[in-house]
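Each chain, letter by letter, is given below.
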Amino acid sequence: MPRVSEEHLERRRQQIVEAAQRCFARKGFHQTSMQDVFAESGLSAGAVYRYFKSKDELVAALASDAGTDIRAVLLEVMRRDPLPTPAEVVGAVTAWMSQNSGIEGRLRLAPQAWALALTDPEAAGYIRPTVIGIRGMWRGYAQRMAEAGWLPAGTDLDAVAATLFGLLPGYLLQFLIVGDLDPRALERAVRSLLPYGRDQAGTSSP
């Protein structure tokens, strides 16, 4: 019997993850059963269980994929040259978040995963490294800000990173629950509150 290719295995895994994502987005983690995932994916229980032994493993996969996505966006923006201002970073990332938070969007699941992590140690084990990793990226950006002379000497860069990180989940919650926040408005507000670099010189775009 010929061996199944790695490409085929990855396609099948992605098929299951995307089916679970749609189920979780519609019904929530707690209301979704593995039977729902079987039906949504069009695969048998045995086929799904070959890749994921439980709903928690699916949650972990989705959290990991979402974390990978947002880290890639952050990395691209934060590494730009010249150094982007905080407003430019926040504006670019929140615009991307808005585009990926539709009814079946992966980021729409983030608040559900955060809530699950508060009561489920296994889920926390998946979510915590993602949070720490993203905060670490903000720490690297804060270091670049310090090297550019945008921060006073002796600034607590870890605190700066934690503060800037907090803007993203705060935006996502307001966008999903209230629905009246525009990423461009948030970018303008950050520019007013944190006028660094080109923003401080008054040469940024409005």
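Anything mentioned here points back to the structure above.
In this report, the structure presented in the accompanying data block is examined. (Residues numbered from 1 in each chain as written. Predicted model: local features only at pLDDT ≥ 70, side-chain atom pairs only at ≥ 80, totals over all residues. Heavy atoms only, no water.)

## Remarks on a nonpolar patch on the surface
On the surface, Leu173, Ile177 and Val178 cluster together into a nonpolar patch covering about 300 Å² of accessible area. The exposed category is assigned to Val178, whose relative accessible area is 55%. (Patch = residues over 30% accessible without salt bridge, like charges linked within 9 Å, V, L, I, M, F, W, Y side chains within 5 Å. Areas by Shrake-Rupley, 256 points an atom, 1.4 Å probe, with all protein chains shown as cover. Salt bridge = Lys/Arg side-chain N within 4 Å of Asp/Glu carboxyl O. Buried < 20%, exposed > 50% of the residue type's maximum accessible area, 1.4 Å probe, protein only.)

## Thoughts on the packing of helix H4 (residues 55-78) against helix H5 (residues 86-99)
Interhelical geometry of H4 versus H5 gives an angle of 150° and a closest axis separation of 10 Å. As the angle between them shows, H4 and H5 are arranged roughly antiparallel. The chirality of how H4 crosses H5 is right-handed. Counting all contacts with H4, which are made through Asp69, Ile70, Val73, Leu74, Val77 and Met78, the residues of H5 involved are Glu88, Val89, Ala92, Val93, Trp96 and Met97. Taken together, the residues of the contact of H4 with H5 sort by class into 10 nonpolar, no polar and 2 charged. (Axes fitted to C-alpha atoms, helices over the stretch in contact; angles between N-to-C directions. Helix = DSSP H or I, 4+ residues; strand = E, 2+ residues; numbered from the N terminus. Parallel < 35°, antiparallel > 145°, perpendicular 65-115°, else oblique. Left-handed = near helix turned anticlockwise from the far one by under 90°. Contact = heavy atoms within 4.5 Å. Nonpolar A, V, L, I, M, F, W, Y, C, P; charged D, E, K, R; others polar.)

## A short note on unusual backbone geometry
Cis geometry is found at the peptide bond from Asp81 to Pro82, where omega equals 10°. Summarising the element assignment, Pro82 is placed in the loop between H4 and H5.

## Overview of the side chain of Ser41
Among the structural elements, Ser41 can be located in helix H2 (residues 34-41). There is a polar contact of 3.1 Å between the side chain of Ser41 and the backbone oxygen of Phe38. In this structure, Ser41 is in contact with Gln15, Ala19 and Val48, ignoring residues within four places of it in sequence. (Polar contact = N/O pair within 3.5 Å; in protein donor to acceptor, adjacent residues only side chain to side chain.)

## Quick look at the pattern of salt bridges
A complete count under the given rule lists 9 salt bridges for this structure. Between Arg11 and Glu7 there is a salt bridge, with its nearest N and O atoms 3.2 Å apart. Taken together, the residues Arg11 and Glu7, both in helix H1 (residues 6-27) and 4 residues apart, mark about one turn of the helix. Judged by its relative accessible area of 56%, Glu7 falls in the exposed class. Linking Asp36 and Lys27 is a salt bridge whose minimum nitrogen-to-oxygen distance equals 2.9 Å. Judged by relative accessible area, Asp36 falls into the partly exposed class, the value being 21%. Several salt bridges share partner residues, and in doing so they unite Arg22, Arg26 and Glu40 into one network.

## Remarks on the packing of aromatic side chains
This model, assessed by the stated rule, comprises 5 aromatic pairs. Ring geometry for Trp150 versus Tyr196: centroids 6.2 Å apart, planes at 5°, classification stacked. Here Trp150 is found in the loop between helix H7 (121-147) and helix H8 (157-177), whereas its partner Tyr196 is found in the loop between helix H9 (183-193) and helix H10 (197-201), with 46 residues between them in sequence. You can call Trp150 buried: its relative accessible area is 15%. Judged by its relative accessible area of 19%, Tyr196 falls in the buried class. With centroids separated by 5.8 Å and ring planes inclined at 25°, the aromatic side chains of Tyr171 and Phe175 adopt a geometry described as stacked. Separated by 4 residues within a single helix, Tyr171 and Phe175 lie in helix H8, roughly one turn from each other. (Phe/Tyr/Trp six-rings, centres within 6.5 Å; stacked < 30°, edge-to-face > 60°.)

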